[in-house]
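Here's the letter readout for the chains.
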Amino acid sequence: MIVCVAVVGNQNNPVYLQSFTEADDALKLHHIVHCSLDVIDERVNNPKRSGPTLNETFLGLLYPTENYKVYGYLTNTKVKFIMVTTDLDVKDADVRNFFRRFHAAYVDAVSNPFHVPGKKITSKSFAERVSVIVKSFGSTAA
């Protein structure tokens, strides 16, 4: 189950963060997302020591914690997508499909002429679309 998704701008500014748990875990999930930025920077700045190549947008498993697994995705414009899940046996294909759909929703949201680039996404339709994508995570239907 996905417990948190985040979009972080190219200057490491939070653009969108939504948690899908009770309020007690919200601060902990914000901390996990913030810590994952260091892992993403390390992988991008030291490509020879990490697995994926620079043209690979899917960063894979960033790091596991005791209760969560954190996955990352990096766009060509250096916008970072982060997903925190409680599932310990997640298929890479499902995570890639999630990020592909999440990226498409993000592109639609920032293509809105009233959206100011680099600012937080406040669109209700984007939040609803993200919720639908999160709820369908792990199902075989695309």
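Quick caveat: nothing in here was measured; it's all calculated off a predicted structure. (Residues numbered from 1 in each chain as written. Predicted model: local features only at pLDDT ≥ 70, side-chain atom pairs only at ≥ 80, totals over all residues. Heavy atoms only, no water.)

Another point: the overall build of the chain. Of the regular secondary structure elements, the chain holds three helices and five strands. Its helices and strands in sequence order give the chain the pattern β-β-α-β-β-β-α-α, from N to C terminus. The globule rule puts the C-alpha radius of gyration for 142 residues at 14 Å, and the 14 Å found for the chain is close to it. Counting only C-alpha atoms and orienting by the principal axes, one finds that the chain spans roughly 40 × 30 × 30 Å. Across the 142 residues of the chain, 40% fall into the buried class. Counting only contacts in the chain whose residues sit at least 6 apart along the sequence, the fraction spanning at least 24 positions is 55%. Taken as a whole, the chain presents about 8300 Å² of accessible surface, with 53% of it coming from carbon and sulfur. Across the chain, the 16 positively charged side chains and the 14 negatively charged ones have centroids separated by 7 Å. (Helix = DSSP H or I, 4+ residues; strand = E, 2+ residues; numbered from the N terminus. Rg over C-alpha atoms; globule rule 2.2 N^0.38 Å. Buried < 20%, exposed > 50% of the residue type's maximum accessible area, 1.4 Å probe, protein only. Contact = heavy atoms within 4.5 Å. Areas by Shrake-Rupley, 256 points an atom, 1.4 Å probe, with all protein chains shown as cover. Lys, Arg positive; Asp, Glu negative; His and termini not counted. Charge placed at Lys NZ, Arg CZ, Asp CG, Glu CD.)

So, on to the pattern of salt bridges. Within this structure, the stated rule accounts for one salt bridge. One salt bridge connects Asp-108 with Arg-129, and the closest N-O pair in it is separated by 2.4 Å. With a gap of 21 residues between them, Asp-108 in helix α2 (residues 92–110) and Arg-129 in helix α3 (residues 124–135) connect regions that are remote in the sequence. Residue classification places Asp-108 among the partly exposed residues on the basis of a relative accessible area of 46%. Note on Arg-129: relative accessible area 35%, which makes it partly exposed. (Salt bridge = Lys/Arg side-chain N within 4 Å of Asp/Glu carboxyl O.)

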